[in-house]
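The residues making up each chain are set out below.
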Amino acid sequence: MALDYDGVDDVVSHGDINAIDGAANLTIGFWINWTTQETNASWVSKVTATTGIEGIDTEEAATNAFRWHVSNGGWNTYGTTGNIMVAGWQHITLYYDGGGAANADRAKVYRNAAEASLTFTGTIPTTIGSSTEPFRVGGGGREGVFANVDIGQVKMWTASLTPLEIRQDMHSYRPVRRRNLILWSHYDDGIQARDYSGTGNHGTVTGALTEGGPPQIPHPERFMAQRLRHGGLGLWGHRLLVK
């Protein structure tokens, strides 16, 4: 399941997640059902909307591209993708490692676990700026523009995941890495947006409605029940042993 955002004022606020403030490492992964470009629409963010910008944001750019902002005192520090977005469900991973030697080492974007080429503006900082702003999904951001999209399976770590971890997590309902996990909200519990990471960063849903999510990720308990109904056969035709 996922949440459907209307592009007008729908948003989920997970509160002020302090672990993001001053972080030198961060990875955010989520599934998004995208249709058409909306200039400056924000998907995920924790950023101030004043001068001396602090925080993180994603903004849709020209045509089928978007910007991955990582800021600490200035707004013009971001990487812009090429025209990688297509209509339909796709998995996006936003990667940050402030210890990287150059921009290309510090900020990366993966679409369906494949690294995208970025064009950089400014210098990506060594740490993320701090603010009291909430972590928002579906809209808001620095420009205050909301996105007309579906988003589900949001996971976030204060770690820079490896390409292998990113690929594995794309296909996993549960996080493949629990260490440094600060948010796991799959949005299939009605409109509660609960956080199952154990850190208590539960979300407050405003307007967004439950929608069918990415078909690539079966819920593990539902998957098991379906297999049992079909004679207890596993993924490769092996019979499951249930004790």
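Residues numbered from 1 in each chain as written. Predicted model: local features only at pLDDT ≥ 70, side-chain atom pairs only at ≥ 80, totals over all residues. Heavy atoms only, no water.

(A) Examining the sheet that holds strand 2 (residues 11-13) more closely. Spatially, eight strands are ordered 11-7-6-5-4-12-2-15 in an open sheet, and the strand pairing comes out antiparallel. Each edge of the sheet is formed by a strand with only one pairing partner; in this case those strands are strand 11 (118-121) and strand 15 (204-206). In this structure, strand 7 (residues 78-81) lies alongside strand 11, joined through four bridges in antiparallel fashion. Bridging across to strand 11, Thr80 finds its partner in Thr119. (Pairing = 2+ DSSP bridges. Helix = DSSP H or I, 4+ residues; strand = E, 2+ residues; numbered from the N terminus.)

(B) Seen up close, the environment of Asp189. If you trace the backbone, Asp189 turns up in the loop between strand 14 (181-185) and strand 15. The exposure class assigned to Asp189 is buried, which follows from its relative accessible area of 14%. Distance from Asp189 to Met1, taken between C-alpha atoms, is 8.2 Å for residues 188 residues apart in sequence. (Buried < 20%, exposed > 50% of the residue type's maximum accessible area, 1.4 Å probe, protein only.)

(C) How the structure looks around the environment of Ile56. Residue placement: Ile56 occurs in strand 5 (residues 54-60). As a C-alpha pair, Ile56 and Lys46 span ten residues in sequence and 5.3 Å in three-dimensional space. Apart from the residues within four sequence positions on either side, Ile56 is in contact with Ile20, Leu26, Ile28, Ser45, Lys46, Val47, Trp68, His69, Ile128 and Phe135. (Contact = heavy atoms within 4.5 Å.)

(D) Geometry of the confidence of the model for the chain. Mean pLDDT over the chain works out to 88, with 87% of the residues at or above the 70 mark. Contacts for the low-pLDDT stretch residues 232-243, under 50 throughout, to residues beyond four places or in other chains number 16 contacts. (pLDDT = per-residue confidence, 0-100.)

(E) Looking closely at the pairing of strand 13 (residues 150-157). The element strand 13 is largely enclosed, with a buried count of eight among its eight residues. In this sheet, strand 13 lies alongside strand 1 (residues 2-4) in antiparallel orientation, the contact comprising two bridges. In the sheet register, Asp4 faces strand 13, and the bridge partner there is Asp150. Where strand 3 (residues 25-34) meets strand 13, six bridges bridge the pair, whose relative direction is antiparallel. From the neighbouring strand, Thr27 faces strand 13, where its bridge partner is Trp157. The pairing of strand 13 with strand 14 spans four bridges and is antiparallel. The residue bridging Val154 from the neighbouring strand is Ser185, located in strand 14.

(F) Inspection of the nonpolar core at higher detail. Residues Phe30, Trp43 and Phe135 are the most contacted members of the largest nonpolar core, which totals 41 residues. Contributions of two or more residues to this core are made by strand 3, strand 4 (42-47), strand 6 (66-72), strand 8 (88-97), strand 9 (107-111), strand 13 and strand 14. Looking at this core element by element, the count peaks at five residues for strand 3. In this structure, Tyr95, Ala113, Trp157 and Leu161 belong to the second largest nonpolar core, which totals twelve residues. (Core = buried A, V, L, I, M, F, W, Y, C linked by side-chain atoms within 4.5 Å.)

(G) Just helix 2 (residues 163-170), in detail. Inspection of helix 2 places Glu165, Ile166, Asp169 and Met170 among the buried residues, and these make up the whole buried set. Along the long axis of helix 2, the arc covered by the buried residues comes to 135°, so they all point the same way. Along helix 2, the residues that are exposed and aim more than 90 degrees away from the buried face are Pro163 and Leu164. Buried residues belonging to helix 2 abut strand 3, strand 8, strand 9 and strand 13. (Arc of directions from axis to C-beta.)

(H) Region of the structure containing the pattern of salt bridges. Applying the stated criterion across every chain, the model contains seven salt bridges. Residues Arg177 and Glu165 are paired through a salt bridge, measuring 3.5 Å at the closest nitrogen-oxygen approach. With a gap of twelve residues between them, Arg177 in the loop between helix 2 and strand 14 and Glu165 in helix 2 connect regions that are remote in the sequence. A network of salt bridges, in which partner residues are shared, links Asp16, Asp21 and Lys46. (Salt bridge = Lys/Arg side-chain N within 4 Å of Asp/Glu carboxyl O.)

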